[in-house]
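Coordinate inspection notes
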Amino acid sequence: MRFFRPVAALVLAAALVLIGSPGHARAAQGEIRGGDAYVVQGKGRCLVAFTVRRGTVGGFLTAGRCGRPGDIALTGYGGTPIGVFEASSYPGDDYAWVSLYPGWTPRGTVAALGSERAVRGAAPAAVGSAVCQASPVAGWHCGVVQQRNATITYPDGTVTGLVRTSVCAEPGTVGAPFLSGDQAQGITSGGTGSCATGGSTYFQPVAEALSAYGLTLVTM
């Protein structure tokens, strides 16, 4: 069983502009979307799955293995802080949510390599339905839902309740979003094989994460 981890050698797909005088630089207000890359301070690189709100607080969902409560999400290695991990569940589950700092706006879309798609809900796709994964590393890869309630045992623990898909597996996609049409499906957890040889990718259902933390999906 091959599993994904944040890949330290990769960089963000897009740079964020800093404004202000030296020593007093601040990030220009920016939008956060599904598929965006970020770095966890002192750990590694992960991806935004979907943007969310809890009350008036904006944020995003990501993989639970990416961070623990209190960890800081940054635009890049040594970059500008985006937000803080409020809660995380891994192993057992594989989801977390990050609240955004002022100046960052959650956008109800998923983007990869210049292609952006609206998110309009989170209706679960049935087995056999088409799904696509988005990442700044590999772009869009699509396949079908193969199995629900799947289990993966990683070296650091077991995750249950996952969805197996025929989407080929690529490293550097921890936390990447899965969509079925315009419906949010899940958060990339891990996979087997590769896009060169074929394989499967597993995702954590998004509805479980939303329910666990009392979050509302940001939609267009």
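Our structure's up above, just so we're on the same page.
Keep in mind it's a predicted model, so treat the numbers as computed, not measured.

1. Here's the deal with the state of the cysteines
Tallying each qualifying case throughout the model produces three disulfides. Cysteine 46 shares a disulfide with cysteine 66; S-S distance 2.0 Å. Of note, the bridge from cysteine 46 to cysteine 66 carries an S-S torsion of about -100° and is left-handed in sense. Of this pair, cysteine 46 sits in strand β5 (residues 45-47) while cysteine 66 is found in the loop between β7 (57-62) and β8 (72-74), placing the two residues 20 residues apart along the sequence. The same class applies to cysteine 46 as to cysteine 66, namely buried. The connectivity of the disulfides in the protein chain is 1-2, 3-4, 5-6, where the numbers refer to bonded cysteines in sequence order.

2. Side note on the side chain of threonine 201
Along the polypeptide, threonine 201 turns up in strand β18 (residues 198-205). Residue classification places threonine 201 among the buried positions, given a relative accessible area of 0%. There is a polar contact of 3.3 Å between the side chain of threonine 201 and the backbone oxygen of cysteine 168.

3. Things to note about the sheet that holds β8
Working definition: the strands of a sheet are paired by backbone hydrogen bonds and lie parallel or antiparallel to each other. Pairing is antiparallel in the open sheet, where eight strands are placed in the order β5-β4-β8-β9-β10-β7-β6-β19. This sheet does not close on itself; its edge strands, each paired only once, are β5 and β19 (216-217). Inspection of the sheet shows β8 paired to strand β9 (residues 81-89) by three bridges, in the antiparallel sense. Opposite leucine 74, over in β9, you have proline 81 as the bridge partner. Lying on the sheet, helix α1 (residues 206-213) is in contact with β6 (50-54), β7, β9, β10 (95-100) and β19; it crosses β10 at an angle near 60°.

4. Some points on the pairing of β9
Of all nine residues making up β9, seven are buried, and the element is well covered by its neighbours. Hairpin connection between β8 and β9: a loop of six residues separates the two successive antiparallel strands, and glycine 78 in this loop has a positive phi of roughly 75°.

5. Focus on the pattern of salt bridges
In a structure, side chains of opposite charge can pair up when their charged atoms sit close to one another. Using the criterion set out here, one finds seven salt bridges in the structure. Where aspartate 36 meets arginine 33, a salt bridge forms, and the shortest distance between an N and an O atom there is 3.4 Å. By relative accessible area, aspartate 36 is classed as buried at 16%. With a shortest N-O distance of 2.7 Å, arginine 107 and glutamate 116 are connected by a salt bridge. Judged by relative accessible area, which is 25%, arginine 107 ranks as partly exposed. Because the salt bridges share partners, they merge into one network encompassing Glu31, Arg33, Asp36, Arg107 and Glu116.

6. Observations concerning the sheet that holds strand β13 (residues 130-135)
Strand order in the closed barrel formed by six strands is β13-β14-β15-β18-β17-β16, with antiparallel pairing between adjacent strands. Ignoring strand direction, the axes of neighbouring strands in this sheet form an average angle of 55°. In the sheet, strand β16 (residues 177-180) pairs with strand β17 (residues 183-194) via four bridges, with the strands oriented antiparallel. From the neighbouring strand, proline 177 faces β17, where its bridge partner is isoleucine 187.

7. What about the pairing of strand β4 (residues 37-40)?
Of the two faces of β4, the one lined by Ala37 and Val39 and the one lined by Tyr38 and Val40 are each fully buried. Alignment of β4 against β5, held across three bridges, turns out to be antiparallel. Within β5, the position partnered with valine 39 by the bridge is arginine 45. Counted along the chain from β4 to the antiparallel partner β5, the turn is four residues long, and its residue glycine 42 has a positive phi close to 80°.

So, how was this worked out
- Residues numbered from 1 in each chain as written.
- Predicted model: local features only at pLDDT ≥ 70, side-chain atom pairs only at ≥ 80, totals over all residues.
- Heavy atoms only, no water.
- Disulfide = S-S within 2.5 Å.
- Helix = DSSP H or I, 4+ residues; strand = E, 2+ residues; numbered from the N terminus.
- Buried < 20%, exposed > 50% of the residue type's maximum accessible area, 1.4 Å probe, protein only.
- Polar contact = N/O pair within 3.5 Å; in protein donor to acceptor, adjacent residues only side chain to side chain.
- Pairing = 2+ DSSP bridges.
- Contact = heavy atoms within 4.5 Å.
- Axes fitted to C-alpha atoms, helices over the stretch in contact; angles between N-to-C directions.
- Salt bridge = Lys/Arg side-chain N within 4 Å of Asp/Glu carboxyl O.

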